[in-house]
Amino acid sequence: MITYEEHRLRSLVDEGRWIELLGAYRQARAAAVALDLAEGDLTGRGLAGGGAKVPAWAVAAAQTRAGIATAALGHLIAYAAPPEVAARLFDADGGPGTAAGAADHDAGPLWEVLATRHTWRRLAPLLGPPPVRRLVAQTRVLLGEDLSRGAEPDPEGVPLLLEPWESVGRAEGMPVRDYLRQGGSRSALLTLPASREGLARVELPEPGARLPGQPATRALAELAGWARTVCVRGPAAAAAAQLAPGPLVTGGYLPFALAWPALVQAGIADRAHGAAHGRLALWRVLTAMTGAQRPESADRAEVRALVARMRCFTWDDPADRLRHLHLALEDPATGLSWAVSGSEEV
């Protein structure tokens, strides 16, 4: 059954009345925030601060209804509204609880939906909150836009222009979702290895000795929180032996550029995260592998040199689920290798 409110919103969409739709979004989001606050007060004063107690199931159901409606409306505005209106999703001028944050999402984060629709030149004068500006800028970079001279520097020093290996990786598999107007998205499920083509039966060496406490290992674990990570002293195959299902695997070496899309995708933990999160997290990994503490303290040339000499080994696991990543990264200059391996349903 179509409610009066749904019919009203559809009419506003058909007539292109985006300012009114933004107002409806803000009202719905503020109501959802109020329900969140009410949920924390179930055993006390109730919704109005003095009325009857509200059953937990009732608040949860209302939150679900309000949340879904709000997210879908936000997605539509971010996708189809003029940028001057869509960028106001993140402004606080509508009052408490009305502004979308970096975690607001439907099929994906609203800032990523917006970033796929307009250039940085159009969006830069309109976006206020620094976290949103940064994520939108990094998304535009992932889409191939050169912001090295057209945007404020990234706070961690992550480049605002794709490095050569990122450009090759982007051509192989775009990690940014392709959003649809009506909701949802088309996106490649980037897995590694994507197939057994080019791989061969390999006998792995003895597992390398684990080296605990390495900053790059922690950074890799933060990138792919659903996978296991390890650092060893020895070649990439010795690191793989720590996490592979056995000494005999179907595996092989590949350039880092071909591993890049899957690594960026690994950082997209859920619909609240976008590809920009993955790129930023991967740069933290590469920075830590050079010995620098943070991306802004790393010499860009050192990261480039690391990638140029890095040896990457991938392998197959018969127990893999829909999403999987099996990769060992070796730095011949230090004799250290890191491996990341995991599999999960999406």
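Right, let's walk through the structure included here.

## Considerations on the nonpolar core
1) Next: Formed by 81 residues in total, the largest nonpolar core has its most connected members in Phe256 and Leu327.
2) Next: Each residue touching Leu327, except ones within four places of it in the same chain, is listed here: Leu192, Leu254, Ala259, Leu263, Cys312, Phe313, Thr314, Trp315, Trp338, Ala339 and Val340.
3) Next: In this structure, Ala239, Ala241, Ala244 and Val249 belong to the second largest nonpolar core, which totals 15 residues.

## Quick look at the pattern of salt bridges
1) Next: All told, the structure shown has 19 salt bridges when counted by the stated rule.
2) Next: Across the salt bridge formed by Arg26 and Asp93, the nearest N and O atoms sit 2.5 Å from each other. Of this pair, Arg26 sits in helix α2 (residues 18-39) while Asp93 is found in the loop between α4 (83-86) and α5 (110-115), placing the two residues 67 residues apart along the sequence.
3) Next: Given the relative accessible area of 51%, Asp93 is considered exposed.
4) Next: Note that Arg133 and Glu152 form a salt bridge whose closest N and O atoms lie 2.8 Å from each other. One end of the pair, Arg133, is in helix α7 (residues 130-142); the other, Glu152, is in the loop between α7 and α8 (164-172), with 19 residues separating them in the sequence.
5) Next: Among the ionic contacts, a cluster of salt bridges with common partners joins Arg134, Asp154, Glu156 and Arg284.

## Looking at the environment of Gln265
1) Next: The residue Gln265 is located in helix α11 (residues 256-266) in this model.
2) Next: On the accessibility criterion, Gln265 (13% relative accessible area) is buried.
3) Next: C-alpha of Gln265 to C-alpha of Thr191: the two residues are 74 residues apart in sequence and 8.4 Å apart in space.

## Quick word on the pairing of strand β6 (residues 248-254)
1) Next: When you tally the buried positions in β6, you get five out of seven residues, the bulk of the element.
2) Next: By the bridge criterion, four bridges tie β6 to strand β7 (residues 311-315) in an arrangement that is antiparallel. If you follow Tyr253 over to β7, its bridge partner there is Phe313.

## A short note on the packing of aromatic side chains
Where two aromatic rings form a pair, the distance of their centres and the angle of their planes describe that pair.
1) Next: What the rule picks out here adds up to four aromatic pairs.
2) Next: Geometrically, the ring pair formed by Tyr253 and Phe313 is edge-to-face, given 5.2 Å between the ring centres and 65° between the ring planes. Note that Tyr253 is positioned in strand β6 and Phe313 in strand β7, a separation of 60 residues in sequence.
3) Next: A relative accessible area of 42% means that Tyr253 is categorised as partly exposed.
4) Next: Overall, the relative accessible area of 2% leaves Phe313 in the buried class.
5) Next: Joined through ring pairs, the aromatic side chains of Trp165, Phe256 and Trp283 make up one cluster.
6) Next: The positively charged end of Arg117 is found above the aromatic ring belonging to Tyr79, 3.8 Å away from the centroid.

## Considering the sheet that holds strand β8 (residues 323-331)
Backbone hydrogen bonds are what pair the strands of a sheet, in a parallel or an antiparallel way.
1) Next: With antiparallel pairing, seven strands are arranged side by side in an open sheet as β3-β6-β7-β8-β9-β5-β4. Here the strands that pair on one side only, and so sit at the sheet edges, are β3 (200-203) and β4 (209-210).
2) Next: Bridge count for β7 against β8 is four bridges, and the pairing is antiparallel. In the sheet register, Thr314 faces β8, and the bridge partner there is Leu327.
3) Next: Running at roughly 35° to strand β9 (residues 336-344), helix α10 (residues 236-243) makes contact with β4, β5 (228-233), β6, β7, β8 and β9 of the sheet.

## Observations concerning the packing of α8 against α11
1) Next: It is the contact of α8 with α11, at a shortest axis distance of 8 Å, that shows an interaxial angle of 65°. Here α8 lies roughly perpendicular to α11, going by the angle between them. In the packing of α8 onto α11, the handedness of the crossing is right-handed. Along its contact with α8, which presents Trp165, Glu166, Val168, Gly169, Arg170 and Glu172, the element α11 presents Phe256, Ala257, Leu258, Trp260 and Pro261.
2) Next: By residue class, the composition of the contact of α8 with α11 is seven nonpolar, one polar and three charged.

## Digging into the environment of Arg284
1) Next: Looking at where Arg284 falls in the secondary structure, it is placed in helix α12 (residues 275-290).
2) Next: Exposure remark for Arg284: the relative accessible area of 30% places this residue in the partly exposed category.

## Considering the environment of Pro235
1) Next: Position of Pro235 among the secondary structure elements: in the loop between β5 and α10.
2) Next: Along the chain, Pro235 and Phe313 lie 78 residues apart, while their C-alpha atoms are 9.5 Å from each other.
3) Next: If sequence neighbours within four positions are ignored, Pro235 has contacts with Glu330 and Ser337.

Calculation rules
Residues numbered from 1 in each chain as written. Predicted model: local features only at pLDDT ≥ 70, side-chain atom pairs only at ≥ 80, totals over all residues. Heavy atoms only, no water. Core = buried A, V, L, I, M, F, W, Y, C linked by side-chain atoms within 4.5 Å. Buried < 20%, exposed > 50% of the residue type's maximum accessible area, 1.4 Å probe, protein only. Contact = heavy atoms within 4.5 Å. Salt bridge = Lys/Arg side-chain N within 4 Å of Asp/Glu carboxyl O. Helix = DSSP H or I, 4+ residues; strand = E, 2+ residues; numbered from the N terminus. Pairing = 2+ DSSP bridges. Phe/Tyr/Trp six-rings, centres within 6.5 Å; stacked < 30°, edge-to-face > 60°. Lys NZ or Arg CZ within 6 Å of the ring centre and 35° of its normal. Axes fitted to C-alpha atoms, helices over the stretch in contact; angles between N-to-C directions. Parallel < 35°, antiparallel > 145°, perpendicular 65-115°, else oblique. Left-handed = near helix turned anticlockwise from the far one by under 90°. Nonpolar A, V, L, I, M, F, W, Y, C, P; charged D, E, K, R; others polar.

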